[in-house]
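Examination of the molecular architecture
Single-letter residue listing:
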Amino acid sequence: MNKITNHLPTAELQALDAAHHMHPFTSDGALAKKGVRVITSGQGVWLTDSEGSRIIDGMAGLWCVNVGYGRGELADAAARQMRELSYYNTFFMTTHVPAIALAAKLAELAPGDLNHVFFASSGSEANDTNIRLVRRYWDIKGQPERRVIIARKNGYHGSTMGGGSLGGMPYIHAAGGKIDGIEHIGQPHWWAEGGEMTPEEFGLLRARELEEKILEVGADKVAAFIGEPIQGAGGVIVPPSTYWPEIQRICDKYGILLIVDEVITGFGRTGNWFACETFGIKPHIITIAKGLSSGYQPIGGSIVCDEVAHVIGNADDDFNHGYTYSGHPVASAVALENLRIIEEDGIIDHVRDVAHPYLAEKWHKLGDHPMVGQTSLVGLMGSLQLTPNKATRAKFAAKPGTIGFRTREHCFRNNLIMRHVYDRMIISPPLVITTEEIDVLIDRATKSLDAAY
Ligand code: PLP
């Protein structure tokens, strides 16, 4: 077999991919027929494929490449750490400097008394950790019957058995089942489900489903509530302003732990380090991953408040949970360097500067397109709701998602990566995107909408 490099012809790479590579969330048979696009390099917000096309990445990979592609400092940090200490674990009374330094930095950046970090290699693993953390907390507090975790329909928390069960995507539950003790309430998706109500009324209605569910399950049986500040994979659904304050009030009233999944929204995406600050939420645990290392290394974790960490940490028995790569030194060193870049390059200020009003004006203007019913944008995270009738908020009659799929295909042809979630088109570009690059993104998005209409 030829050595497999970027220099092989695209068709040969596609054939090898189809023969040997099983893709996540993909029917490989369909992919093999169409041929995948082979991405060969990246710089800033730009990707290059094996045909030499330059593509603007409106999704920061999978919502993760916050500082953009090709940052040499991150490669250097990885190489330095690999030479010094390539691996050691943090089990059994040992630790190492990269994990200590990263945990301390995250404690400094996270709001309130979120001062403790349990590391994982991904967002899914971190949410699996959270299931154990909250159940363990209540066990030690003498309330072992508190095991139920309440989450939302159309929420996304990963695709391990734990993360996939917390998520409210039926197609993931269908892929191998769902663990016990997870309940789902409705999502705060006003455009699709709010009917005649105002967004504010609907936000309260959906938040109050949490209270109804707590009373249905029994307040003494509920361990925690988990939600994304803005549903990402569900379609960048920004909740009405009334939603989070009411969720917070209900969690406080019943003494339920609040887990906020910031795997997408963390590390600058919404114009603050964490979206908890953007929405005024005070969680007990924050889930992190993706932007923590800008995707340069697989790393995630749970940032835990003093109360929960102290209860678990001071118990007589061990917390029997962890991963070989919890706090991996190379991933930690890269994440630390990534946080330094975000801080020293002023990337969060940059997000605020380019998002409002520059991107916001252009993004909301796309709402004039005959097919766009609603535009949403918080920081550098946005969505377009596609509809055949804006006034009635109608859905397309064909199979759900067909129009979104078609629009995404046109984006692809126009060398713009934008994702679709059913009939919603979404963006989450690298946070370093410039105003000139925003112009390119909007121009290509407009062309793609026109072509799909
Ligand atoms: N939580 C949220 C909010 C996510 O968006 C994702 C991934 O998109 C995850 C968890 C899972 O993270 P990972 O894919 O790193 O396991």
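Labelled according to an unreviewed UniProt entry, the protein chain appears under the name Aspartate aminotransferase family protein, originating from Gemmobacter lutimaris. Turning to the protein chain, the UniProt record has this under Sequence similarities (unreviewed entry): "Belongs to the class-III pyridoxal-phosphate-dependent aminotransferase family." On record in UniProt, under Cofactor (unreviewed entry), the comment for the protein chain is "pyridoxal 5'-phosphate".

Regarding the pairing of strand 4 (residues 114-120)
Counting buried positions over the seven residues of strand 4 gives six, a clear majority of the element. Where strand 4 meets strand 10 (residues 300-305), six bridges bridge the pair, whose relative direction is antiparallel. Bridged to Val-117 within strand 10 is Ile-303.

Digging into the sheet that holds strand 14 (residues 419-421)
As summarised here, the arrangement of the four strands in space is 11-12-15-14, forming an open sheet in which the pairing is antiparallel. Each end of this open sheet is capped by a strand with a single partner; those strands are strand 11 (372-378) and strand 14. Neighbour-to-neighbour, the strand axes of the sheet open up by a mean angle of 20 degrees, direction not taken into account. Sheet contacts for helix 15 (residues 347-365): strand 11 and strand 12 (381-386); angle to strand 11, the most-contacted strand, approximately 165 degrees.

A look at the sheet that holds strand 2 (residues 46-49)
Across the sheet, which stays open at both edges, the four strands sit in the order 1-2-3-13 with mixed pairing between neighbours. Of all the strands in the sheet, just strand 1 (39-43) and strand 13 (416-417) have a single pairing partner and so form its edges. Where strand 1 lies against strand 2, four bridges are found, and the strand directions are antiparallel. Residue Gly-42 lies in a different strand from strand 2, and its bridge partner there is Leu-47.

A word on the domain arrangement of the protein chain
Along its sequence, the protein chain is carved into domain 1 (37-67 + 346-452) and domain 2 (74-344). Using only C-alpha atoms to locate each centre, domain 1 and domain 2 end up separated by 26 Å. Listing elements by their share of the side of domain 1 that touches domain 2, those giving two or more residues are helix 3 (60-63), helix 15, strand 11, strand 12 and strand 15 (424-427). Looking at the side of domain 1 that touches domain 2 element by element, the count peaks at five residues for helix 15.

Re helix 10 (residues 199-217)
With 19 residues, helix 10 extends 27 Å between its outermost C-alpha atoms, agreeing within 8% with the 27 Å of an ideal straight helix rising 1.5 Å per residue. Restricting attention to buried positions, one finds in helix 10 the residues Phe-202, Gly-203, Leu-205, Arg-206, Ala-207, Glu-209, Leu-210 and Ile-214. Close packing links the buried residues of helix 10 with strand 5 (148-152), strand 6 (182-185), helix 9 (190-193), strand 7 (222-227) and helix 11 (243-254). Following helix 10 by one or two positions, Gly-218 adopts a phi angle in the positive range, close to 105 degrees.

A closer look at the nonpolar core
Among the nonpolar cores identified, the biggest contains 122 residues, and Ile-149, Ala-224 and Leu-257 are the most heavily contacted of them. Mapping this core onto the domain boundaries places at least three of its residues in each of domain 1 (37-67 + 346-452) and domain 2 (74-344). Not counting residues up to four positions away in its chain, the partners in contact with Leu-257 are Val-134, Tyr-137, Ala-223, Ala-224, His-284, Ile-285 and Val-308.

Some remarks on the environment of Gly-218
By the element assignment, Gly-218 lies in the loop between helix 10 and strand 7. Along the backbone, Gly-218 and Val-148 are 70 residues apart, and their C-alpha atoms lie at a distance of 9.6 Å.

Structural notes on unusual backbone geometry
Residue His-356 is joined to Pro-357 through a cis peptide bond whose omega torsion reads 5 degrees. Structurally, Pro-357 can be placed in helix 15. Residue Phe-25 is not a glycine yet carries a positive backbone phi of 45 degrees. Here Phe-25 is to be found in the loop between helix 1 (10-20) and helix 2 (28-34). Judged by C-beta crowding, with 9 C-beta atoms within 10 Å, Phe-25 ranks as exposed. Unlike most non-glycine residues, Met-93 shows phi in positive territory, near 65 degrees.

A short note on the packing of helix 15 against helix 17 (residues 435-452)
Relative orientation of the contacting elements helix 15 and helix 17 amounts to 20 degrees, with a least axis distance of 10 Å. With respect to their mutual orientation, helix 15 and helix 17 come out roughly parallel. Classified by chirality, the crossing of helix 17 by helix 15 is right-handed. Residues Val-354, Tyr-358, Leu-359 and Lys-362 of helix 15 form the contact with helix 17, whose participating residues are Thr-435, Ile-438 and Ile-442.

Structural notes on the confidence of the model for the protein chain
Caution applies to low-pLDDT parts of the model: their predicted coordinates are not meant to be read in detail. Averaged over every residue, the pLDDT of the protein chain is 96; residues scoring 70 or more account for 100%. Overall fold confidence for the complex sits at a pTM of 0.98, while the interface term, ipTM, reaches 1.00.

What to know about the environment of Thr-407
By the secondary structure assignment, Thr-407 is in helix 16 (residues 402-413). Looking at Thr-407, the number of C-beta atoms within 10 Å reads 25, which means it is buried. Sequence spacing of Thr-407 and Trp-63 is 344 residues, and the spatial spacing of their C-alpha atoms is 19 Å. When neighbours within four sequence positions are excluded, Thr-407 is seen to be in contact with Leu-386, His-420, Met-425, Ser-448, Leu-449 and Ala-452.

Cut-offs applied
Residues numbered from 1 in each chain as written. Predicted model: local features only at pLDDT ≥ 70, side-chain atom pairs only at ≥ 80, totals over all residues. UniProt positions renumbered as here; feature names shortened; annotations may be inferred. Buried ≥ 20, exposed ≤ 12 C-beta atoms within 10 Å, placed from the backbone. Helix = DSSP H or I, 4+ residues; strand = E, 2+ residues; numbered from the N terminus. Pairing = 2+ DSSP bridges. Axes fitted to C-alpha atoms, helices over the stretch in contact; angles between N-to-C directions. Contact = placed C-beta atoms within 7 Å. Domains from an automatic or database assignment. Expected span 1.5 Å × (residues − 1). Core = buried A, V, L, I, M, F, W, Y, C linked by C-beta atoms within 7 Å. Parallel < 35°, antiparallel > 145°, perpendicular 65-115°, else oblique. Left-handed = near helix turned anticlockwise from the far one by under 90°. pLDDT = per-residue confidence, 0-100.

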